[in-house]
Amino acid sequence: MKFLEAILTVASLASAAVTAVPEQVVYDGFKVFRVNATEGLPSLKSKIASLAQTLELYSHPDHMDVAVAPSDFAAFEALDLPSEILDEDLGASIAAEGPLVSYKSLAETCSRLFPQNSEILEIGASYEGRQITGLHLWGSGGSGSKPAIYIHGTVHAREWIATMVVEYFAYQLVSGYGNNATIKGFLNSYDFYFFPRFSYTQSNDRLWRKNRMPRSSTSARGTDINRNWPYKWEVAGGASTNPSAEDYKGQVAGDTPEVKVLKAFTDKLAAGKGIRLYIDFHSYGQYILLPYGYSCSKRSGNDAKQESLAAGLQSAIAKPYGTRFTYGPICSTLYAATGGSTDYMTDVAGTTYAWAVELRGGSSGFVLPASQIRPSGIEIWQGMQSLIPSL
Ligand SMILES: [Zn+2]
């Protein structure tokens with residue numbers, strides 16, 4: 001794969017992540033801490049929210065990872081929270097992370113190596129008018145003749161490793177079709193759809209999560225696309241109603257342009273040959289997450305089979321480097337999440353297996369050292385080679 005020679009450049013610190021300024025945001029001097037949530041996550045979250053320039057990276061029932069701005073160091077210390085430092089200088093880690101993978105080069109590879117069995121899809125525009133672009137691959141049965149394996153990556157814009165892993169997966173199929181009988185079998189059995197996308201984080205703010213849509217009632221910008229899908233969106237407790245929050249759900253179910261576009265495309269796949277497997281790749285935490293997000297007690301109709309496939313995927317992923325992934329339903333394994341794509345895929349689109357996979361994280365969370373990018377791709381591809389024949 002080729003890599004873009006784009007690296008974030010330094011701009012003004014004044015444009016913090018929470019404001020709606022289309023300037024580049026830098027994280028030089030930010031420190032990343034893992035804060036123990038012994039006092040309970042809601043209370044901890046509100047303390048962190050009181051720090052003006054500090055960014056929540058990740059929350060887990062037991063801890064939160066936060067990027068603390070230099071201007072907040074004193075206030076953070078005054079909170080006297082039980083914490084450990086993960087990264088002394090987030091800006092330096094971003095600089096060391098290296099350039100991004102180029103989706104364009106994958107498209108070029110497809111048109112060169114696989115012109116009769118691939119197409120680039122442009123399914124609609126994001127809030128900022130960028131086309132949501134995908135790659136469709138198929139085998140001997142022809143385009144659209146088989147059930148779908150449907151892959152999303154980087155729906156949360158800062159989770160770059162998801163794009164790279166999804167592209168690595170697609171690249172293995174394209175390059176293996178002509179010389180590997182197993183891979184040829186995959187493509188002859190399924191139509192593959194890949195949506196590995198990101199944009200704003202490349203040029204402006206490495207740690208932006210949500211979409212870029214403003215709301216009339218607030219200066220905060222962005223809705224969490226993975227809390228906005230129109231299924232069980234209204235259930236309380238699985239997303240935030242605060243527009244400043246990283247998991248802001250929106251005003252109405254499915255009211256973001258991105259979800260509208262993705263939903264329409266999903267419905268089209270469901271009405272065609274159906275969706276056998278959907279995986280939404282995220283980072284980080286190393287989880288294989290099964291339905292459901294909206295309820296901790298409800299299980300999918302084929303839950304036993306889902307658990308056994310996830311166990312197989314877990315052990316296959318561990319083979320190359322021993323990386324340990326945990327699996328289980330989203331709500332009972334991690335936390336309640338409403339308006340997520342996997343619940344929609346399962347109950348509305350009739351997807352047989354609809355999962356979210358949280359990939360590796362670096363010491364500063366979403367920013368992964370270059371040395372871990374290829375291994376992440378390799379271990380997930382190992383997992384996919386084990387999973388696909390069992391579907
Ligand atoms: Zn995510």
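Up top is the structure these notes are about.
Residues numbered from 1 in each chain as written. Predicted model: local features only at pLDDT ≥ 70, side-chain atom pairs only at ≥ 80, totals over all residues. Heavy atoms only, no water.

Asks: Sorry, what's going on with helix 9 (residues 303-321) here?
Replies: An α-helix turns once every 3.6 residues. As a result, residues three or four positions apart point the same way. Spanning 19 residues, helix 9 covers 28 Å between terminal C-alpha atoms, matching the ideal 27 Å at 1.5 Å per step. Tucked inside the fold, the buried residues of helix 9 contact strand 10 (287-290), strand 11 (326-329), strand 12 (353-359) and helix 12 (373-387). Downstream of helix 9 by a residue or two, Gly-322 has a phi angle that is positive, lying close to 75 degrees. (Helix = DSSP H or I, 4+ residues; strand = E, 2+ residues; numbered from the N terminus. Expected span 1.5 Å × (residues − 1). Contact = heavy atoms within 4.5 Å.)

Asks: Which parts of the structure should I look at to understand the pattern of salt bridges?
Replies: If charged atoms from side chains of opposite charge come close, those side chains can pair. Using the criterion set out here, one finds 14 salt bridges in the structure. In this structure, Lys-31 and Glu-88 form a salt bridge, with 3.0 Å as the shortest nitrogen-oxygen distance. With Lys-31 in strand 1 (residues 31-36) and Glu-88 in the loop between strand 4 (83-87) and helix 3 (90-97), this pair connects stretches of sequence that are 57 residues apart. Three or more residues joined by partner-sharing salt bridges are found here, namely Glu-128, Arg-130, Arg-212 and Arg-221. (Salt bridge = Lys/Arg side-chain N within 4 Å of Asp/Glu carboxyl O.)

Asks: How should the sheet that holds strand 5 (residues 118-125) be read in this particular structure?
Replies: Sheets are built from strands paired through backbone hydrogen bonds, the pairs being either parallel or antiparallel. Spatial strand order, 5-6-8-7-9-12-10-11: eight strands in an open sheet with mixed pairing. Only two strands of the sheet have a single neighbouring strand rather than two, namely strand 5 and strand 11. Averaged over all adjacent pairs, the angle separating strand axes in this sheet is 20 degrees, with direction ignored. Judged from the three bridges that link them, strand 10 and strand 12 form a sheet pairing that is antiparallel. The partner of Tyr-287 across the bridge, within strand 12, is Glu-358. Sheet contacts for helix 9: strand 10, strand 11 and strand 12; angle to strand 12, the most-contacted strand, approximately 30 degrees. (Pairing = 2+ DSSP bridges. Axes fitted to C-alpha atoms, helices over the stretch in contact; angles between N-to-C directions.)

Asks: Would you mind showing me how to read the sheet that holds strand 3 (residues 63-68) here?
Replies: The four strands lie next to each other as 2-3-1-4, forming an open sheet whose pairing is antiparallel. The outermost strands of the open sheet, each flanked by one partner alone, are strand 2 (55-59) and strand 4. Within this sheet the neighbouring strands show an average axis-to-axis angle of 25 degrees, counted without direction. When strand 1 meets strand 3, the two strands line up antiparallel, connected through six bridges. Its bridge partner lying in strand 3, Arg-34 is registered against Asp-65.

No statement about biological role is implied by the geometric values presented.
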